[in-house]
Amino acid sequence: MNREEAQDLLKRYANNQCTPEEKILVERWYLKESGELDSGHGNNDLSQREKEIWLGTLKKAGLPDERGGIWLYVKIASAAVILLFVGFGGYFFTVKNEPVVQRAVKVTDALPGGKKAVLTLSDGSRIILDDISNGTLAKQGNITINKTSDGQLIYDASGAAGEKNFEGTYNTISTPRGGEYQVILPDGSKVWLNSASSIRFPTMFSGGQRDVTLTGEAYFEVARNPARPFNVSANNMKVSVLGTHFNLMAYEDEASVKATLLEGSIRVSSGTSSALVKPGEQAHISAKNISVSQADLEEAMAWKNGYFYFKNTDIKSVMRQLSRWYDVEVEYGGDLPATVFSGKMYRNVNASKLLDILSYFKVNFRVEEPSSPSEKIKIVVL
């Protein structure tokens, strides 16, 4: 949505030309929900109102005043739409086939995730990567494990030529709920781990294959080596590549495993079935059946690029992503509305901002404080 269209909406609001639904949404979003705007201004004071809307919304979103494009667009037709751009698109939500309702929700905030992971060495010792200082963490034979200042783990195998003592030994990097991490494997392949995920890999790749095991979700940029295929095993399936970029989502609580290819080629196999995936395609693996279709690359890569992306997503699927990233428990208090959500939002905001948006559309929440330090915040979907 461009600036002229947004200004047209504001002018229609100032001139009392909005529909009742549009007026409710504009006032509730800007004047009430921001908490920074004075609703006592007259309708003719448009320039002052635009300024307050701009500054108040920026402050609520936790962003600087860069005049980069924050606007609200409301359309009431076959679908109810709220569109709020923050920078290059911080919020964008579409909710289909549901009337807009006002929901008052008190939210106890859950903080977003960050760079958190645990490294388990071959001898069973554990290193908490978010607590330890940068620099050399460990040495295994002639392989050095380093942590960089930007929260990245690098396996330096440059001194391991001819090394035999550590062949067949494995390390594991695990991210908790609310964590993500990046590692460069001994062969130079780069791996980005999403929350609640882990990768197990040899401290030194030898022989004719490079085999790793994944739980959860990860994006791979595999170092090309035609002599040694790179194989990822997850949930009774395998992805085989020579050198390529792909995302693999293999959470056990999701309906299927999804392998999305950005460049190169991969072969996915499960049981006796297999399929070749081309760039821009996504393989769905479920109950030993494999189907390949065109991928929505933005949706598949949203987590790595720092935001949530929903596309006709039901509330349970939305809440699974939230529970992993914000490390909260989710319960359901009754029958759920048949609402589906489409849109995106930055992952670096507190959970309350996303719940605020969802609460507009026939979904309400009760947020329960943990009763002890060992318990988590609980979100009950009503």
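1. Structural notes on the pattern of salt bridges
Okay, step 1: Applying the stated criterion across every chain, the model contains eleven salt bridges.
Okay, step 2: For the salt bridge of E298 with K344, the shortest nitrogen-to-oxygen distance reads 3.0 Å. One end of the pair, E298, is in helix α4 (residues 297–301); the other, K344, is in strand β25 (residues 340–346), and 46 residues separate them in sequence.
Okay, step 3: The exposure class assigned to E298 is partly exposed, which follows from its relative accessible area of 31%.
Okay, step 4: Ionic pairing is found between K378 and E331, a salt bridge with its closest N-O pair at 3.0 Å. Placement of the pair is K378 in strand β27 (residues 378–381) and E331 in strand β24 (residues 329–332), with a sequence separation of 47 residues.

2. Section: the packing of aromatic side chains
Okay, step 1: According to the stated counting rule, one finds seven aromatic pairs in the structure shown.
Okay, step 2: Measuring from ring centre to ring centre gives 6.1 Å for F220 and F230, while their planes differ by 65°; the resulting arrangement is edge-to-face. Pair noted here: F220 is in strand β14 (residues 210–221) and F230 is in strand β15 (residues 230–234), with a separation of ten residues, a long-range link. F230 matches F220 in its accessibility class, with the two residues each being buried.
Okay, step 3: Here F220 and F246 contribute two aromatic rings whose centre-to-centre distance is 4.9 Å and whose plane-to-plane angle is 10°, an arrangement assigned as stacked. Taken together, the residues F220 in strand β14 and F246 in strand β17 (residues 245–250) connect sequence positions 26 residues apart.
Okay, step 4: Ring-pair connections join several aromatic residues into one group, and the members of that group are F205, F220, F230 and F246.
Okay, step 5: The positively charged end of R200 is found above the aromatic ring belonging to Y170, 4.0 Å away from the centroid.

3. Regarding the nonpolar core
The nonpolar side chains of soluble globular proteins are, as a tendency, buried together.
Okay, step 1: Counting residues in hydrophobic clusters, the biggest one holds 44 residues, and the most contacted among them are L153, F220, V239, F246 and L248.
Okay, step 2: The biggest single contributor to this core is β14, with four residues.
Okay, step 3: Contact partners of L248, with chain neighbours within four places excluded, come to L214, G216, E217, A218, F220, V232, A234, M237, V239, V257, K258 and A259.
Okay, step 4: Judged by nonpolar contacts, the second largest core, of 26 residues, contains W325, Y326, A351 and L355.

4. Some thoughts on the environment of S352
Okay, step 1: Counting through the fold element by element, S352 comes out in helix α6 (residues 351–358).
Okay, step 2: The spacing of S352 and A110 is 242 residues in sequence and 7.2 Å in space, taken between C-alpha atoms.

5. Some details on the environment of R366
Okay, step 1: Mapped onto the elements of the fold, R366 is located in strand β26 (residues 365–368).
Okay, step 2: A relative accessible area of 40% means that R366 is categorised as partly exposed.
Okay, step 3: In this view, R366 contacts K378, I379, V380 and L382; residues no more than four positions away in its chain are not counted.
Okay, step 4: In terms of polar contacts, R366 uses its side chain to reach the side chain of E368, at 3.1 Å.

6. Here we look at the sheet that holds β24
Sheet strands associate in pairs through backbone hydrogen bonding, adopting either a parallel or an antiparallel arrangement.
Okay, step 1: Across the sheet, three strands lie side by side as β24-β27-β26; this open sheet has mixed pairing. For this open sheet the edge positions go to β24 and β26, each flanked by a neighbour on one side alone. The sheet shows a mean angle of 20° between the axes of neighbouring strands, direction not considered.
Okay, step 2: Pairing between β26 and β27: four bridges, direction antiparallel. Counted as the bridge partner of F365 is V381 from β27.
Okay, step 3: Packed on one face of the sheet, helix α5 (residues 315–326) meets β24, β26 and β27 and runs near 160° to β24.

Procedures and definitions
Residues numbered from 1 in each chain as written. Predicted model: local features only at pLDDT ≥ 70, side-chain atom pairs only at ≥ 80, totals over all residues. Heavy atoms only, no water. Salt bridge = Lys/Arg side-chain N within 4 Å of Asp/Glu carboxyl O. Helix = DSSP H or I, 4+ residues; strand = E, 2+ residues; numbered from the N terminus. Buried < 20%, exposed > 50% of the residue type's maximum accessible area, 1.4 Å probe, protein only. Phe/Tyr/Trp six-rings, centres within 6.5 Å; stacked < 30°, edge-to-face > 60°. Lys NZ or Arg CZ within 6 Å of the ring centre and 35° of its normal. Core = buried A, V, L, I, M, F, W, Y, C linked by side-chain atoms within 4.5 Å. Contact = heavy atoms within 4.5 Å. Polar contact = N/O pair within 3.5 Å; in protein donor to acceptor, adjacent residues only side chain to side chain. Pairing = 2+ DSSP bridges. Axes fitted to C-alpha atoms, helices over the stretch in contact; angles between N-to-C directions.

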